[in-house]
Amino acid sequence: MFLRQLDLTTALRPSLLPEETLLFVQDAVGLYEGKFKLPNFQNGQAYLTSHRACYVDHDEPRKYSVAINLKDVERHECYAGFLKSSPKITLYPKPSKQLTRGFPGAHGTAQSPASSSPDRGGSPAPAVPQSATWVCPICSFSNPVPSNFDPATANARTPLPPCLACGIKPPLVHVVKAAISAMTNRPTPSLPPKDDNHATITASAGGGQVSSTGTGSFSCPRCTFQNHPSLTSCEICGASLLSLPDKRLESAKTIGRAESPGPSLTTSPLQEEGIECIKFSFRGGGEKIFYERLKNALVQRKWLLQSAPPIPKPRQSSSIFDDGYTTTPKSSSEVERNKVVGIAGLERRGLEQRKNNEVMIGSAFEDLEALMTSAKEIIALAEQFASQANLGTNGNSEASTIASQSASALGLVTTKDMLGSGSESLYVSELSRNLAEWLTDDTRGVLKREGGIVTLVDLWAVFNRSRGGVELVSPSDFEKAAGMWDKLKLPVRLRQFRSGLLVVQGRDRTDEKTIASLLAWLKELHSLPPATDVSWDWRMYGRGVTAQETAETFGWSVGVATEELEMAEESGALCREQGFDGLRFWENWLVKLPPVSD
């Protein structure tokens, strides 16, 4: 199928394939199949990657999101738009993906000439009768359909004869409909009963309707000539008197077209195999940049690199390239040099690796295209340098983590040049999705490392550090992006405490769960003896805890721990003790102890 179901990430963005990169994003996009709108695919975002052109719906992204593999695209067109018609980019599938439909024999399976098995897909399409005609849309002259014209195999490259009157070639759809109407076999309608009042009678045969009068003549739907009831084609213009109406036109009559002149289809595009073309309708601009990057992606064809052999590397002290597959006989001196072991072997290996790094860096930074081509090797080299730098910092794991995230930030950042021009809301929404993906990524574990909750200020600092100096985010944009998580229905949310502190946490994290975890921790302290002697029964009442101890236990910051303890106090689960050594929080035994009787 030309349209395929699209897998989404936790942030409701397309899940990228290996070696796939994001090229452009545009909102306010709808999909068309040919000239007809696809229902439920009229309000979404278009994502262009190096491998696919994707559509993600705004209302129900998990259900109505599709993608087109660029390797299945044969050609493309761009329509600039006119009046109420929006600009559109049309993608045509390859011939092997095209299946005509709408007439008998259209759903049959194509069979190669070399195959000797019988055709099991259906009977071939009947020959076009000699009476088939098509009307020129320019001069309205009736032209005969060529006898060798087969609508089952006709496509945009099929040669069509021009009009006999004005010399203009007809649209393919006109000739196909005329041929289908002529091939449709209809029984001859019976004569209507005579009526002296000249009443209008409607005779239907096979779904077609033709008006007649009491005089026994049938009116032609094209030229209104009164024909004899036994005729199946008009004597004047040759039009079929009993033609099967187009199902798409019937469905288009019942819909309102106040917003756009395009009619809609009633079937799902994923259930159809024969798709003529798919159009991306850009109602908010951005079609020019999308089309330019689409053409570049089709020229580069990066999907072919998944199974490509390794890049040939020059051999040392030789102009011969080593492709990794061919083997050449080596001399005895080369074999002896390769067998060097010990300290000399380690030094030679390090020297060769440094030379390879110099060649890689020198060739990658010659221009921007070479850098993007060698992005994978450069990222791997940066991670290697980060690991080597980590050895000299006494194993600073935090510095190593930030360096590794900075090296991999090249494929994660949604920069402003990837978005439509003049769309600030689109940038904020994509930043919000990018931030949600970064937070929920299990390989990074940002929220897990912070105990499931982190302040917005700390998150802004860590996020900018992880981007490695590429497209740093301002505090205002960061706050706007965090505020859109609820609107976009993402798995994280922004929470504001009573004091005004803004924190970020998972959507599944609630106050009840936080209070339950605090009480469970305080109950564990009943079995742990305190560090100093106390005057109360610690096995029964436990002991009080400070915000610093809570932050160390749950991995929170001191500010977050203080806010969570005060929230539990307001709910009645904890109570505070203000002493000389500071503020401590206890289990609320004031509501648990039984009342004292007088």
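Residues numbered from 1 in each chain as written. Predicted model: local features only at pLDDT ≥ 70, side-chain atom pairs only at ≥ 80, totals over all residues. Heavy atoms only, no water.

Going by the annotation in an unreviewed UniProt entry, the name recorded for the protein chain is Vacuolar protein-sorting-associated protein 36, with Massariosphaeria phaeospora given as the source organism. In UniProt, the protein chain has this text filed under Sequence similarities (unreviewed entry): "Belongs to the VPS36 family." (UniProt positions renumbered as here; feature names shortened; annotations may be inferred.)

A. How the structure looks around the pattern of salt bridges. In this structure the tally under the stated criterion is 14 salt bridges. In this structure, the salt-bridge partner of R495 is E564, at a minimum N-O distance of 3.4 Å. Placement of R495 in strand β19 (residues 492-496) and of E564 in helix α17 (residues 558-570) is noted, with a sequence separation of 69 residues between them. Residue classification places R495 among the buried residues on the basis of a relative accessible area of 10%. When the shortest N-O distance is used, the salt bridge between E569 and R576 registers 3.0 Å. (Salt bridge = Lys/Arg side-chain N within 4 Å of Asp/Glu carboxyl O. Helix = DSSP H or I, 4+ residues; strand = E, 2+ residues; numbered from the N terminus. Buried < 20%, exposed > 50% of the residue type's maximum accessible area, 1.4 Å probe, protein only.)

B. View of the confidence of the model for the protein chain. Looking at the protein chain as a whole, its pLDDT mean stands at 74, while 65% of the residues score no less than 70. Predicted confidence is poor over residues 402-412, with pLDDT under 50, and the contacts of this stretch with residues over four places away or in other chains come to 20 contacts. (pLDDT = per-residue confidence, 0-100. Contact = heavy atoms within 4.5 Å.)

C. A look at the nonpolar core. Grouped together as the largest cluster of nonpolar side chains are 34 residues, with contacts concentrated most on L435, L439, L459 and W485. Taken together, the elements giving at least two residues each to this core come down to β2 (22-33), β5 (52-57), α9 (424-440), α10 (446-449), α11 (456-466), α12 (475-483) and α13 (485-488). Taken domain by domain, this core gets at least three of its residues from each of domain 1 (1-95 + 134-180 + 274-307 + 417-422) and domain 2 (423-506). Formed by 28 residues, the second largest nonpolar core is a distinct cluster that contains A46, V66, I275 and I278. (Core = buried A, V, L, I, M, F, W, Y, C linked by side-chain atoms within 4.5 Å. Domains from an automatic or database assignment.)

D. Geometry of the packing of aromatic side chains. Counted under the stated rule, the structure contains ten aromatic pairs. Look at Y541 and W589: their rings are 5.5 Å apart centre to centre, the planes differ by 80 degrees, and that puts the pair in the edge-to-face class. Here Y541 is found in helix α15 (residues 538-541), whereas its partner W589 is found in the segment after β22 (582-587), with 48 residues between them in sequence. The exposure class assigned to W589 is buried, which follows from its relative accessible area of 19%. Among the aromatic residues, ring-to-ring pairing joins F24, F280, F282 and F290 into one connected group. Sitting above the plane of the Y92 ring, R75 keeps its charged end 3.8 Å from the centroid. (Phe/Tyr/Trp six-rings, centres within 6.5 Å; stacked < 30°, edge-to-face > 60°. Lys NZ or Arg CZ within 6 Å of the ring centre and 35° of its normal.)

E. Region of the structure containing the pairing of strand β20 (residues 502-506). Burial analysis of β20 places four of its five residues in the buried class, the great majority of the element. Judged from the five bridges that link them, β19 and β20 form a sheet pairing that is antiparallel. Note that in β20 the partner of Q496 across the bridge is L502. Counted between consecutive antiparallel strands, the loop separating β19 from β20 contains five residues, among which G500 sits at a positive phi close to 100 degrees. (Pairing = 2+ DSSP bridges.)

F. Focus on the packing of helix α16 (residues 547-554) against α17. Two numbers describe how α16 lies on α17: the axes approach to 8 Å, and their chain directions differ by 110 degrees. The angle between α16 and α17 places the two elements in the roughly perpendicular class. Counted together, A547, Q548, T550 and A551 of α16 and V558, A561, T562 and L565 of α17 form the full contact between these two elements. When its residues are assigned to classes, the contact of α16 with α17 shows five nonpolar, three polar and no charged. (Axes fitted to C-alpha atoms, helices over the stretch in contact; angles between N-to-C directions. Parallel < 35°, antiparallel > 145°, perpendicular 65-115°, else oblique. Nonpolar A, V, L, I, M, F, W, Y, C, P; charged D, E, K, R; others polar.)

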